[in-house]
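# Topology and contacts: notes
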Amino acid sequence: MVGATQGIMVAIRGAAAHMLRWRTRPRAMSTVALKASPTIHRLIRDHQLEGMAMAATGPKGTVIREDVEAALAMKQEADAADLTPITIELNPMTTHLFEQSLMPTHAVTNKKELVGYFTQMYALRRMEIAADVLYKSKLVKGFCHLYDGQEAINIGIEAAASRKDSVVTSYRDHTWQVTRGEPMKNVLGELLGRYCGPAKGKGGSMHMYKRENNFFGGNGIVGAQVPVGAGLAFAHKYKGDGGVCFTLYGDGAANQGQIFEAANMAALQKLPLIFVCENNQYGMGTAKGRGSADTRYYARGQYMPGIKVRVRVRVRVRVRVRVRVRVRVRVRVRVRVRVRVRVRVRVRVRVARPVHARHQGAPGA
Ligand SMILES: Cc1ncc(C[n+]2csc(CCOP(=O)(O)OP(=O)(O)O)c2C)c(N)n1
Ligand SMILES: [Mg+2]
């Protein structure tokens, strides 16, 4: 049993390390297979052409300088194509107390940026799936709250924010720890109670934290992070460092009294605070309509401007956050997450033969 457990852990660690490569270093493929002199190998490495198909026009099929230069030209051409601007039309935004004319109608991006976002979201999804597997293997002690399906909120906000802006969130904090600079293997290590984790393995799933990059956790008490966010925003204003605070909470938490208290203080003191209500339609199995008298979360706090964002298109999150940063007003962003669950049920029907048939043999037997 111990052997099996260790085996699973080694496999997960290996998977995490593999997934991590997008953050730590570009994928380097061996150039040893190429027949070339050490100088040419160095040239290939310097131009980051490892793994790229390349002609070998030198003597005895060796790669020579001209081949490397041709490959470099091809790469530069492809890179330039990846930077061609792509314009995405945005649906009209639903807003509350917000100057409609300030709302952008389109976003400009490019292939490189989009692929980058997708790669990050995909890696985060894989990490959450690994955490899920660990949890279901009973290797994670305590709680384990996943963020799969909501990665776009994380990547969208991070695309518009900088590390000088602070973030505080609920217990769905694994991916935030990664985007704030923690290697994935440490996040998974924290779940497994390992010393490499951000809380030295003593905090577990809900207690990620990275002070040096302005990530203030990971909070297990529903809604408790919102007043903390108001405090962080106050610190930004007091220090005059130009930072803003993103405080994230769920649709279930949105009905808590402390959210309204924090909103009142933030509005009174004009704090650089963005309330992000992540509406995944449920609070512990209770549908939003059964828990909230008003489900227009972006319009809560009648004195605060708000924008409703559908995060299926990540660019929208970035655009809206950028709008907020530009106009320097407090904004309540309501993020609606659409979760699709596909359940496959396999039903096996067995029809027992009637008793008399069993005794007498099947017809024709
Ligand atoms: C003060 C407090 N009350 C109750 C709970 C138990 N609890 C854990 S998660 C949860 C639901 C929260 O729903 P929501 O805010 O929508 O977040 P989601 O889990 O959907 O991201 C509740 C009630 C808690 N952790 N803290
Ligand atoms: Mg919810």
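These notes cover the structure that comes with them. Predicted, not measured: the structure shown is a model, and the values here were computed from it.

Reading guide: rules and limits
Residues numbered from 1 in each chain as written. Chains lettered and ligands numbered in written order. Predicted model: local features only at pLDDT ≥ 70, side-chain atom pairs only at ≥ 80, totals over all residues. Heavy atoms only, no water. Donors = N, O, S within 2.8 Å, 3.2 Å for Na, K, Ca; no water. Buried < 20%, exposed > 50% of the residue type's maximum accessible area, 1.4 Å probe, protein only. Salt bridge = Lys/Arg side-chain N within 4 Å of Asp/Glu carboxyl O. Helix = DSSP H or I, 4+ residues; strand = E, 2+ residues; numbered from the N terminus. Arc of directions from axis to C-beta. Core = buried A, V, L, I, M, F, W, Y, C linked by side-chain atoms within 4.5 Å. Near = heavy atom within 4 Å. Polar contact = N/O pair within 3.5 Å; in protein donor to acceptor, adjacent residues only side chain to side chain. Areas by Shrake-Rupley, 256 points an atom, 1.4 Å probe, with all protein chains shown as cover. Nonpolar A, V, L, I, M, F, W, Y, C, P; charged D, E, K, R; others polar.

Attention now moves to the coordination of the magnesium ion (ligand 2). The magnesium ion (ligand 2) binds to the protein through Asp251 (OD), Asn280 (OD1) and Tyr282 (O), with metal-donor distances spanning 2.0 to 2.1 Å. In primary sequence terms, the donor set of the magnesium ion (ligand 2) follows D-x28-N-x1-Y. Classification of asparagine 280 by relative accessible area gives buried; the value is 16%. In this structure tyrosine 282 comes out as partly exposed when scored by relative accessible area, which is 48%.

Scanning the entire structure with this criterion turns up eight salt bridges. Residue aspartate 132 pairs with lysine 136 through a salt bridge whose shortest N-O separation is 3.1 Å. Of this pair, aspartate 132 and lysine 136 are both found in helix H5 (residues 111-136), four residues apart, which corresponds to roughly one turn of the helix. A salt bridge links aspartate 294 to arginine 296, with the shortest nitrogen-to-oxygen separation between them at 3.1 Å. The exposure class assigned to arginine 296 is partly exposed, which follows from its relative accessible area of 43%. A network of salt bridges, in which partner residues are shared, links Glu182, Lys210 and Glu212.

What follows concerns helix H3 (residues 38-46). Ile40, His41, Leu43 and Ile44 are the residues of H3 that are buried. On an axial view of H3, the arc spanned by its buried residues comes to 160°, and they lie on one face. Pointing more than 90 degrees away from the buried face of H3 are the exposed residues Pro38 and Asp46.

Bringing the nonpolar core into the picture now. One finds Ile153, Ile157, Trp176, Leu188, Phe246, Leu248 and Val276 to be the most contacted residues of the largest nonpolar core, which totals 40 residues. Ranked by the residues each element gives to this core, the list is headed by H5, at eight residues. With 21 residues, the next largest nonpolar core counts Phe216, Val226, Ile259 and Leu273 among its residues.

By nearness alone, 14 residues border ligand 1, and Tyr171, Arg172, Gly252, Ala253 and Tyr282 come closest of all. Taking arginine 172, its side chain carries an N or O atom lying 2.7 Å from an oxygen atom of ligand 1. In this structure, alanine 253 approaches ligand 1 through a main-chain N or O atom, which is 2.9 Å from an oxygen atom. Protein chains bury 69% of the 580 Å² of accessible surface belonging to ligand 1 in isolation. A breakdown of the residues in the shell around ligand 1 according to their chemical character gives six nonpolar, six polar and two charged.

Structural measurements only, silent on function.
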